[in-house]
Amino acid sequence: MVSDRGGRWGFVYRSRQAAYRALRRQGASKSKAARISNAGRYFAGRSRMARKAARTRRRHGR
């Protein structure tokens, strides 16, 4: 698992560990899950990610 202190496999903020674990359960790689979970640490990041996800879903017709 990715450390909350950094190290060999990367870094995930302690407050974002639940998001990281959820992404891993969905099959995301460790680095991808860490990148996504860290991006949403603050409201602005989560809002930006939500808009990007909505665009992707719209483009895929979901």
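This is a predicted model, so every value here is computed, not measured.

Details of the side chain of N38
Tracing the backbone through its elements, the reader meets N38 in helix α2 (residues 30-39). Its relative accessible area of 19% is what places N38 among the buried residues. A polar atom in the side chain of N38 sits 3.1 Å from the backbone nitrogen of Y13. The residues contacting N38, other than those within four sequence positions of it, are F11, V12 and Y13.

Structural notes on the confidence of the model for the protein
Looking at the protein as a whole, its pLDDT mean stands at 84, while 85% of the residues score no less than 70. For the protein, per-element mean pLDDT is lowest for α2, which scores 87, and highest for helix α1 (residues 17-25), which scores 91.

Quick look at the packing of aromatic side chains
If you walk through the whole model with that rule in mind, you get 1 aromatic pair. Between the aromatic rings of F11 and Y13, the centroid separation amounts to 4.9 Å while the plane-to-plane angle is 80°, which identifies the pairing as edge-to-face. For F11, a relative accessible area of 32% gives the class partly exposed.

Comments concerning α2
Because each turn of an α-helix spans 3.6 residues, side chains separated by three or four positions end up pointing in the same direction. Within the sequence span of α2, burial applies to A33, A34, S37 and N38. Along the long axis of α2, the arc covered by the buried residues comes to 120°, so they all point the same way.

Criteria and cut-off values
- Residues numbered from 1 in each chain as written.
- Predicted model: local features only at pLDDT ≥ 70, side-chain atom pairs only at ≥ 80, totals over all residues.
- Heavy atoms only, no water.
- Helix = DSSP H or I, 4+ residues; strand = E, 2+ residues; numbered from the N terminus.
- Buried < 20%, exposed > 50% of the residue type's maximum accessible area, 1.4 Å probe, protein only.
- Polar contact = N/O pair within 3.5 Å; in protein donor to acceptor, adjacent residues only side chain to side chain.
- Contact = heavy atoms within 4.5 Å.
- pLDDT = per-residue confidence, 0-100.
- Phe/Tyr/Trp six-rings, centres within 6.5 Å; stacked < 30°, edge-to-face > 60°.
- Arc of directions from axis to C-beta.

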